[in-house]
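Understanding the architecture of this molecule
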Amino acid sequence: KNEVEQSPQNLTAQEGEFITINCSYSVGISALHWLQQHPGGGIVSLFMLSSGKKKHGRLIATINIQEKHSSLHITASHPRDSAVYICAVDNTDKLIFGTGTRLQVFP
Amino acid sequence: KAGVTQTPRYLIKTRGQQVTLSCSPISGHRSVSWYQQTPGQGLQFLFEYFSETQRNKGNFPGRFSGRQFSNSRSEMNVSTLELGDSALYLCASSLGFGGRHYGYTFGSGTRLTVV
């Protein structure tokens, strides 16, 4: 079993829909990161969380340390949100990555 | 301010050769970490350098090595290339050792193809 599990693996949405991507982990962590990867390969760091909730524009990330679970929400999704979203946890000063969620948003 | 710069962007090498990849961090960042991304294994941590010292290492064979210079630029070397080394290699920079306090900024990656 992977130490970081994401669901769903693939997600298709219509423009304007509310999106939720989930991440569960089984190891101790000092922080959790949500990353976005576009087809070119480069990765953008969206959030770093150690507790609670963070919001940036249409993106919201939450974490429940007791349940070892985090969610990334996208409100009013747009085709430009189409990308792979990756959850990564900071464990003993190294990142352990989930397998990613491929999101496609259609107009 | 300039982002994290990785060179080259693309590389094709033959089995048995060696390769060196370069990563220039954001100015002022002292930590550089390296990652390998393949379709089969996903993203995996290779190693992290801080103040010219390797501070952490992932589960990769000794063919994978790196170093960091006094200006924080880092290089990664893979010797005796195998077909399975074909991957996207990403680096990330951070203000300090470990990203949990400062977060990470990633480069665009070097896509290595071994033939």
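Below or above, wherever it landed, is the structure these notes cover. (Residues numbered from 1 in each chain as written. Chains lettered and ligands numbered in written order. Predicted model: local features only at pLDDT ≥ 70, side-chain atom pairs only at ≥ 80, totals over all residues. Heavy atoms only, no water.)

1. What about the interface of chain A and chain B?
With 18 residues of chain A at the contact, the number on the chain B side is 21 residues. When residues of chain A are sorted by the area they lose upon contact with chain B, A:Ile43, A:Asp93 and A:Phe97 head the list and together hold 36% of the total. The interface formed by chain A and chain B contains zero salt bridges. Viewed at the interface, chain B and chain A are joined by one residue pair in polar contact (both at pLDDT 80 or more). (Contact = heavy atoms within 4.5 Å. Buried area = accessible area lost by both parts, 1.4 Å probe. Salt bridge = Lys/Arg side-chain N within 4 Å of Asp/Glu carboxyl O. Polar contact = N/O pair within 3.5 Å; in protein donor to acceptor, adjacent residues only side chain to side chain.)

2. Some details on the environment of B:Ser93
Residue and element names in this part refer to chain B. Here Ser93 shows up in strand E9 (residues 87–94). Separated by eleven residues in sequence, Ser93 and Glu82 have C-alpha atoms that sit 27 Å apart. Dropping the residues within four chain positions of it, Ser93 is found in contact with Val4, Pro25, Ile26, His29, Ser31, Val32, Gly103, Tyr104 and Thr105. Within the structure, the side chain of Ser93 is placed 3.5 Å from the backbone nitrogen of Ile26, a separation counted as a polar contact. (Helix = DSSP H or I, 4+ residues; strand = E, 2+ residues; numbered from the N terminus.)

3. What to know about the pairing of strand E7 (residues 64–68) of chain B
Residue and element names in this part refer to chain B. Of the pairings in the sheet, the one linking E7 to strand E8 (residues 74–78) comprises five bridges and is antiparallel in character. Across the sheet, residue Ser65 finds its bridge partner in E8, namely Asn77. In this structure, the hairpin formed by E7 and E8 is closed by a connection of five residues, where Ser72 is found at a positive phi of approximately 75°. (Pairing = 2+ DSSP bridges.)

4. Things to note about the sheet that holds E8(B)
Residue and element names in this part refer to chain B. Reading across from one edge, E1-E3-E8-E7 is the order of the four strands in this open sheet, with antiparallel pairing throughout. The open sheet has two edge strands with one neighbour each: strand E1 (5–7) and E7. Between one strand and the next, the sheet's axes are offset by a mean angle of 20°, whatever the strand orientation. (Axes fitted to C-alpha atoms, helices over the stretch in contact; angles between N-to-C directions.)

5. Description of the packing of aromatic side chains
A complete count under the given rule lists six aromatic pairs over all chains for this structure. A centroid spacing of 5.2 Å and a plane angle of 65° characterise the contact between B:Phe60 and B:Phe64, whose relative ring orientation is edge-to-face. For the residue pair B:Phe60 and B:Phe64, the accessibility class agrees, reading buried in each case. One aromatic cluster in this structure is built from A:Phe97, B:Tyr35, B:Phe45, B:Tyr104 and B:Phe106. (Phe/Tyr/Trp six-rings, centres within 6.5 Å; stacked < 30°, edge-to-face > 60°. Buried < 20%, exposed > 50% of the residue type's maximum accessible area, 1.4 Å probe, protein only.)

6. Looking at the nonpolar core
Membership of the largest hydrophobic core comes to 24 residues, with the highest contact counts inside it found for A:Leu32, A:Trp34, A:Leu72 and A:Tyr85. For this core, the secondary-structure elements that each account for two or more residues are strand E3 (19–25), strand E4 (31–37), strand E5 (43–49), strand E7 (59–64), strand E8 (69–74), strand E9 (83–91) and strand E11 (101–106) of chain A. Excluding anything up to four places from it in sequence, A:Tyr85 contacts A:Gln6, A:Ile21, A:Leu35, A:Gln36, A:Leu46, A:Leu72, A:Ile74, A:Gly100, A:Thr101 and A:Leu103. Core analysis: the next-biggest nonpolar cluster, separate from the first, contains 21 residues, B:Val19, B:Leu21, B:Leu81 and B:Ala87 among them. (Core = buried A, V, L, I, M, F, W, Y, C linked by side-chain atoms within 4.5 Å.)

7. Remarks on the pattern of salt bridges
Residues and elements named next belong to chain B. Within this structure, the stated rule accounts for five salt bridges over all chains. A salt bridge links Arg63 to Glu82; its shortest N-O distance comes to 3.6 Å. Residue Arg63 is located in the loop between strand E6 (53–57) and E7, and its partner Glu82 is located in the loop between E8 and E9; the two are separated by 19 residues in the primary sequence. A relative accessible area of 16% means that Arg63 is categorised as buried. The exposure class assigned to Glu82 is partly exposed, which follows from its relative accessible area of 41%. A salt bridge links Arg63 to Asp85, with the shortest nitrogen-to-oxygen separation between them at 2.8 Å. Of the two residues, Arg63 sits in the loop between E6 and E7 while Asp85 sits in the loop between E8 and E9, which places them 22 residues apart along the sequence. Both residues of the pair, Arg63 and Asp85, belong to the buried class. Residues participating in the shared-partner salt-bridge network are Arg63, Glu82 and Asp85.

By themselves, these figures tell us nothing about what the structure is for.
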